[in-house]
Amino acid sequence: MLDLSRLLAAPPVSDRPVAESGGRLIGMGQFAADVATNAERIRVAGCRRGLLVTQDAYWGAVGLFALLHAGAEAVLPQNGQPGTLAALADVRDRVIGDAALDGTGDALRLEPGVARTAPALALLDPEAPLCFFTSGSTGRPKPVRKTLALLQREAEAIEALLGSVVPADAWVHATVPHQHVYGMAFRLCWPLATGRPFSGTAHALWESALAALDGGSVLVTSPAHLARLEGIAPLPPGRRPSLVLSAGAPLSDEAADAAARVLGTVPTEIFGSSETGAVAHRARRLPDPAWRPLPGVKVGRTEDGRLRVRSPAVPGDGVHVGGDLVDLDGEGGFRLLGRADRIVKIEGKRVSLPEIEEHLRRQPWVADAAALPVGDMAPRLAAVVVPSAEGRALLSEIGPFRFGRLLRRELGATQEPAGLPRHWRFVDALPQGVLGKRVPGDLLRLFKGDGAMMAETTDAQTSVAEARPQRPTEPEIRAVRSSGEGVELDLYLPGDLAQIDGHFPGLPIVPGVALIDWAVTLGARHGIPVAVARDFQVKFRRVTVPDSAVTLSLRHLAARRRLAFEYRAGDETLTSGTIALEDPPKDGGDQA
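Reading guide: rules and limits
Each residue is numbered by its place in its chain's sequence as written, counting from 1. Since the coordinates come from a predicted model, pLDDT governs what is reported: local features require at least 70, and pairs of side-chain atoms require 80 or more to be given and counted, while whole-chain, interface and lining totals use all residues. With hydrogens and water excluded, all non-hydrogen atoms of the structure serve as input to the side-chain values. For our purposes a nonpolar core is just a set of buried Ala, Val, Leu, Ile, Met, Phe, Trp, Tyr and Cys residues, chained together by side-chain atoms within 4.5 Å. Any residue under 20% of the maximum accessible area for its type is buried, any over 50% is exposed, and the rest in between are partly exposed; the area is computed with a 1.4 Å probe on protein chains only. Contacts are assigned to residue pairs with any non-hydrogen atoms lying within 4.5 Å of each other. The pocket and cavity definitions rest on a 1 Å grid over protein atoms only: a 1.4 Å probe that fits but cannot leave marks a cavity, an open set with protein on both sides within 12 Å along at least five of seven lines marks a pocket, and residues lining either have an atom within 4 Å of a point. Grid points are joined across faces, edges and corners, and a volume is the space filled by probe spheres set on the points. Here a helix means four or more residues in a row that DSSP labels H or I, a strand means two or more in a row labelled E, and each is numbered from the N terminus. In this classification, Asp, Glu, Lys and Arg are treated as charged, Ala, Val, Leu, Ile, Met, Phe, Trp, Tyr, Cys and Pro as nonpolar, and every other residue, Gly included, as polar. Paired strands, as defined in this entry, are two strands with at least two bridges between them according to DSSP. Simply put, an axis is a line fit to the C-alpha atoms, just over the touching stretch for a helix, and the angle between two N-to-C directions goes from 0 to 180 degrees. In summary, the pairing rule links any two rings of Phe, Tyr or Trp, Trp by its six-membered ring, whose centres are within 6.5 Å, and it sorts them by plane angle into stacked for under 30 degrees, edge-to-face for over 60 and tilted for everything else. How far a helix is expected to stretch is found by multiplying one less than its residue total by 1.5 Å. Relative orientations are named as follows: roughly parallel for angles under 35 degrees, roughly antiparallel for angles over 145 degrees, roughly perpendicular for angles from 65 to 115 degrees, and oblique for any other angle. It is the rotation of the near helix from the far one that decides the hand of a crossing: anticlockwise by less than a right angle makes it left-handed, clockwise makes it right-handed.

*Asks:* Just to check I follow, could you spell out the nonpolar core for this structure?
*Replies:* Generally speaking, nonpolar side chains in soluble globular proteins are found buried as a group. Ranked by size, the top nonpolar core spans 77 residues in total, and within it Phe31, Phe186 and Leu192 carry the most contacts. Beyond its immediate stretch of four places on either side in the chain, phenylalanine 31 contacts Leu7, Leu8, Val18, Ile26, Tyr58, Ala61, Val62, Phe65 and Leu192. The next biggest cluster of nonpolar side chains, apart from the first, holds 24 residues, and it includes Ile346, Leu360, Ala383 and Ala418.

Right under this line is the structure:
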């Protein structure tokens with residue numbers, strides 16, 4: 001094991017590979033140069049607390065160590081949404097990132113250093129501070145303060161558990177972000193502390209993830225991804241990973257079976273939290289096995305049934321009592337029984353129901369709101385909203401479907417897709433019991449049945465404003481930019497798009513006909529003269545999946561009478577092509 005505090009404190013004895021980023025293989029010498037260069041830039045900028053937001057895990061590692069070597073605190077937000085970064089303005093001096101960030105004029109972009117023979121960087125203080133923000137049960141983001149030493153101890157426990165089954169030179173690949181504690185530990189700190197190289201890119205699609213795997217590699221993933229393996233051909237024996245990790249929510253039996261069949265490796269689930277780091281593990285060879293603590297971790301149960309964790313990776317006295325209700329199995333393990341607070345897991349992401357409700361109440365159209373999960377096997381987020389007087393007028397004008405989409409779009413400034421309600425109910429008052437307390441069962445009854453609103457009498461005589469939820473047929477437009485001969489639109493593709501029905505069940509994919517239709521429709525809506533689209537030429541390079549953000553570039557090729565379009569995810573082109581256009585008809589009359 002390598003000590004993270006000494007990782008760059010001596011000249012590298014070899015230029016072993018550290019990571020792959022942007023198609024480049026980066027060795028230890030370049031990593032040291034990148035950290036040294038950016039540590040100096042952070043010092044010169046006078047940054048004492050840097051909000052670290054990177055898309056690439058390699059640059060996340062550079063930013064983390066550059067901040068610590070500059071003597072600054074590394075602050076990691078719960079997500080990179082513009083509203084979240086704005087809300088954390090008082091806990092940072094600068095935003096440190098690998099790309100330009102909208103709405104953050106104080107951003108300092110990480111830059112490559114010049115690899116050179118240079119004095120080693122100073123030894124880091126093991127107590128160098130870090131701060132993670134996570135969804136809190138009070139409705140506000142909760143800071144969790146850690147140190148480099150705590151990250152080191154967690155990496156040591158992970159290696160003690162998993163090191164014997166993973167080759168020493170195995171590549172670590174992932175489908176999950178490194179910003180959260182799970183990704184930070186398994187994608188970044190564990191590889192760095194054990195000398196294993198890691199991929200900077202989090203694979204959004206199984207096609208790219210499977211292509212990157214080779215025999216013995218590690219895949220750090222989640223239930224949300226493993227649930228989408230149906231229909232994919234199994235990997236040949238020589239390319240099966242040595243380890244498949246899943247965390248964030250319990251893995252369904254179906255997803256566990258699919259993972260073992262396609263990947264050739266039984267998934268290992270990890271249980272933990274932002275406060276504790278990784279706590280326990282279980283291999284999914286049997287349905288619902290007990291969780292077993294990691295080496296050095298002990299678990300117990302409080303009088304009210306909550307999990308008590310004693311771990312060397314927990315700050316302070318090493319003991320943490322959270323909101324998980326458990327039953328001990330008598331052999332040092334435990335089984336989960338639910339939550340004592342109002343934190344839920346949606347698609348493997350931790351979602352604070354009070355936080356969703358608070359953000360909804362901040363909207364001028366909302367007087368009160370309640371958030372809840374609906375569904376058993378794969379719960380989705382739902383919201384019951386009491387409109388304000390202004391909201392009632394708007395609801396009457398635009399209808400419940402568009403009103404729900406408006407609220408969802410406003411929430412998108414602070415929430416990741418998992419934190420955006422997909423089901424909405426608009427009522428005169430929230431259901432309450434005889435003592436004035438909210439009754440979860442009464443809220444849940446509003447969503448039962450086949451998706452229709454159920455108008456039921458409660459203690460509050462709740463009235464329902466919607467008869468049946470409608471599903472979107474177009475993406476959400478989040479930004480529009482002029483671009484030469486046309487326009488660029490940043491789009492969010494909701495997971496409940498009507499067009500995905502019947503297309504690749506078990507692995508939702510946006511069909512090509514929808515992508516072409518949106519290009520024509522949105523082009524006409526943004527000034528490109530489209531009357532009739534006659535024929536088209538399209539190249540599908542990567543599949544487009546729902547619950548994702550893409551950029552649509554539209555150009556009017558007037559001389560060729562064609563519309564050129566391109567869908568991108570980051571710098572990667574998903575679908576591109578051209579569509580032949582006919583001129584709009586001329587009516588020969590005056591226009592008012």
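Following the structure, the description resumes.
*Asks:* Can you help me understand empty space enclosed by the protein in this one?
*Replies:* Rolling a probe over the atoms, with the probe sized like a water molecule, indicates the empty space that remains. Under the definition given, this model contains one cavity of 30 Å³ or more. Around the largest cavity sit Arg153, Glu154, Ala157, Ala278, Leu294, Pro295, Val297, Ser311, Pro312 and Ala313, which together line it. Sorting elements by how many residues they give to the lining of the largest cavity places helix H4 (residues 148-162) first, with three residues. For the lining of the largest cavity, the class distribution of residues is seven nonpolar, one polar and two charged.

*Asks:* Just checking my understanding: could you explain the sheet that holds strand S18 (residues 319-328) for this structure?
*Replies:* Two modes of strand pairing occur in sheets, parallel and antiparallel, and in both the strands are linked by backbone hydrogen bonds. Read from one edge of the open sheet, four strands run S16-S17-S18-S19, paired in antiparallel fashion. Among the strands making up the open sheet, the edge pair consists of strand S16 (298-301) and strand S19 (334-339). On average, each strand axis in the sheet is inclined to that of its neighbour by 50°, with strand direction left out of account. As paired elements, S18 and S19 share five bridges and run antiparallel to each other.

*Asks:* What's the story with the packing of aromatic side chains in this structure? I'm lost.
*Replies:* Each aromatic ring pair is summarised here by two numbers: the centre-to-centre distance and the angle between the ring planes. Inspection of the entire model under this criterion finds ten aromatic pairs. Taking the centre distance of 5.2 Å and the plane angle of 70° together, the rings of tyrosine 58 and tryptophan 59 count as edge-to-face. Using a relative accessible area of 0% as the deciding quantity, one classes tyrosine 58 as buried. We classify tryptophan 59 as buried; its relative accessible area is 11%. Taking 6.3 Å as the distance between ring centres and 10° as the angle between the ring planes, the aromatic pair formed by tryptophan 424 and phenylalanine 426 counts as stacked. With respect to burial, tryptophan 424 and phenylalanine 426 carry one shared label: buried.

*Asks:* Sorry if this is basic, but what is going on with helix H12 (residues 512-525) here?
*Replies:* Taking 1.5 Å per residue, 14 residues should reach 20 Å; H12 reaches 20 Å between its end C-alpha atoms and fits that length. Trailing H12 by a residue or two, glycine 527 shows a phi angle of about 95°, which is positive.

*Asks:* Explain the packing of helix H1 (residues 28-44) against helix H2 (residues 57-69) here, please?
*Replies:* Between two packed helices, what matters for the description is the angle formed by their axes and the separation of those axes. Interhelical geometry of H1 versus H2 gives an angle of 50° and a closest axis separation of 8 Å. As far as their axial angle goes, H2 and H1 are oblique. Judged by the twist between their axes, the crossing of H1 over H2 is right-handed. Along the contact surface, H1 presents Gln30, Phe31, Asp34, Val35, Asn38, Ala39, Ile42 and Arg43, while H2 presents Tyr58, Trp59, Ala61, Val62, Phe65, Ala66, Leu67 and His69. In terms of residue class, the contact of H1 with H2 is made up of eleven nonpolar, three polar and two charged.

*Asks:* Looking at this model, I keep getting lost on the sheet that holds strand S7 (residues 129-134). Mind explaining?
*Replies:* Reading across from one edge, S6-S5-S3-S4-S7-S8 is the order of the six strands in this open sheet, with mixed pairing throughout. Strand pairing shows two members of the sheet lacking a second neighbour, strand S6 (107-109) and strand S8 (142-147), which therefore form its edges. Across the sheet, the axes of successive neighbouring strands diverge by a mean angle of 30°, strand direction being ignored. With three bridges joining them, strand S4 (residues 73-76) and S7 adopt parallel strand pairing. Looking at S7, one finds that valine 75 is bridged to cysteine 131.

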